[in-house]
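# Structural characterization, general
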Amino acid sequence: MTREHAGNPPVPEALVPFLQFEGAPEDAAACPVRDVLDRVGQKWTLLLLIALIPGPRRFSALQRQVGDISKRMLTQSLRQLERDGLVAREVFATKPPSVEYRLTELGRSALDPIAALTDWADRNHDRIRAARSAYDASEDGAALSLARTGC
């Protein structure tokens with residue numbers, strides 16, 4: 001374990017309880033942080049939750065708004081969000097049947113943390129891209145590039 005240095009910034013209070021853990025739990029589903037972040041960290045989750053903020057959306061409208069998501073992946077992602085209670089699905093008895101998706105109360109409760117994360121990403125995107133470029137130009141980045149290509 002590394003030493004704590006005097007110049008380190010203080011740890012946010014909400015994260016202090018998690019500093020005691022070392023390694024993954026035997027049952028990852030028993031850890032609320034891992035269990036929830038596994039879903040939130042998936043590629044399409046935040047984009048879909050954000051797309052549902054204005055109100056209910058049909059499947060095709062969600063696919064158009066998100067853009068580069070396949071029908072299969074959109075279906076799978078929406079089912080997972082519905083299973084987690086973040087999204088509700090409503091089927092209308094029309095011919096052909098139509099389906100709308102909307103945020104649940106639980107899904108809406110996630111919007112403030114999502115807003116904070118997206119704001120942070122937006123404010124720091126240029127810095128992250130610059131860090132990637134600098135890393136890729138360094139010896140470590142060159143070694144990583146060689147490892148990826150198998151050369």
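### Quick word on the overall build of the protein chain
When its secondary structure is counted, the protein chain shows seven helices and three strands. When the 151 residues of the protein chain are sorted by exposure, 21% land in the buried category. Nonlocal contacts in the protein chain, meaning residues at least 24 apart in sequence, comprise 41% of its contacts between residues at least 6 apart. As presented, the protein chain carries roughly 11800 Å² of accessible surface, and 55% of it is formed by carbon and sulfur atoms.

### Looking at the layout of surface pockets
Counted as a void, the largest pocket has a volume near 390 Å³. Taken together, 16 residues form the lining of the largest pocket, with Val-36, Leu-37, Val-40, Leu-86 and Ala-110 sitting closest to its centre. Counting only elements with at least two residues in the lining of the largest pocket, the list comes to α1 (32-40), α2 (45-51), α5 (105-109) and α6 (111-137). With six residues, α1 is the largest single contributor of residues to the lining of the largest pocket. The residue inventory of the lining of the largest pocket, partitioned by class, reads 12 nonpolar, one polar and three charged.

### So, the side chain of Ser-77
Mapped onto the elements of the fold, Ser-77 is located in helix α4 (residues 71-83). Once you skip the residues sitting within four places of it in the chain, Ser-77 turns out to touch Trp-44 and Leu-48.

### Re the pairing of strand β2 (residues 87-92)
One ladder, built from six bridges, connects β2 with strand β3 (residues 98-103); its direction is antiparallel. The residue bridging Val-87 from the neighbouring strand is Leu-103, located in β3. Hairpin connection between β2 and β3: a loop of five residues separates the two successive antiparallel strands.

### A word on the nonpolar core
Side chains that are nonpolar tend, in soluble globular proteins, to be buried together. Within the largest apolar cluster, 19 residues are counted, with the highest numbers of intra-cluster contacts made by Leu-48, Leu-49, Leu-62 and Tyr-101. Only α2, α3 (59-66), α4, β3 and α6 provide two or more residues apiece to this core. When residues in this core are grouped by element, the largest group, four residues, is from α2. When neighbours within four sequence positions are excluded, Tyr-101 is seen to be in contact with Leu-52, Gly-55, Pro-56, Arg-57, Phe-59, Leu-62, Leu-78, Val-87, Ala-88 and Arg-89.

### Describing unusual backbone geometry
The general pattern is negative phi for most residues beyond glycine and trans for most peptide bonds. Look at the link from Lys-95 to Pro-96: it is a cis peptide, with omega at -10 degrees. In this fold, Pro-96 is placed in the loop between β2 and β3.

### Comments concerning the pattern of salt bridges
Applying the stated criterion to the full structure yields one salt bridge. The partner of Arg-123 in a salt bridge is Asp-119, with the nearest N and O atoms 2.9 Å apart. Residue Arg-123 and its partner Asp-119 are located together in helix α6, separated by four residues, close to a single helical turn.

### With respect to α3
Three- or four-residue spacings in an α-helix give side chains the same orientation, since the helix completes a turn every 3.6 residues. Residues of α3 that are buried: Leu-62, Gln-63 and Val-66. With its buried residues spanning 100 degrees around the axis, α3 presents them on a single face. For α3, the secondary structure elements touched by its buried residues are α2, β1 (57-58), α4 and β3. Among the residues trailing α3, Gly-67 stands out with phi positive, at a value near 95 degrees.

### Some remarks on the packing of α3 against α4
With their axes 11 Å apart at the nearest point, α3 and α4 run at an angle of 110 degrees to one another. With respect to each other, α3 and α4 are oriented roughly perpendicular. Judged by the twist between their axes, the crossing of α3 over α4 is right-handed. Where α3 abuts α4, its residues Phe-59, Leu-62 and Gln-63 lie against Lys-71, Leu-74, Thr-75 and Leu-78.

The rules behind these values
Residues numbered from 1 in each chain as written. Predicted model: local features only at pLDDT ≥ 70, side-chain atom pairs only at ≥ 80, totals over all residues. Heavy atoms only, no water. Helix = DSSP H or I, 4+ residues; strand = E, 2+ residues; numbered from the N terminus. Buried < 20%, exposed > 50% of the residue type's maximum accessible area, 1.4 Å probe, protein only. Contact = heavy atoms within 4.5 Å. Areas by Shrake-Rupley, 256 points an atom, 1.4 Å probe, with all protein chains shown as cover. 1 Å grid on protein atoms, 1.4 Å probe; cavity = no way out; pocket = protein on both sides within 12 Å on 5 of 7 lines; lining within 4 Å. Points joined across faces, edges and corners; volume = space filled by probe spheres on them. Nonpolar A, V, L, I, M, F, W, Y, C, P; charged D, E, K, R; others polar. Pairing = 2+ DSSP bridges. Core = buried A, V, L, I, M, F, W, Y, C linked by side-chain atoms within 4.5 Å. Salt bridge = Lys/Arg side-chain N within 4 Å of Asp/Glu carboxyl O. Arc of directions from axis to C-beta. Axes fitted to C-alpha atoms, helices over the stretch in contact; angles between N-to-C directions. Parallel < 35°, antiparallel > 145°, perpendicular 65-115°, else oblique. Left-handed = near helix turned anticlockwise from the far one by under 90°.

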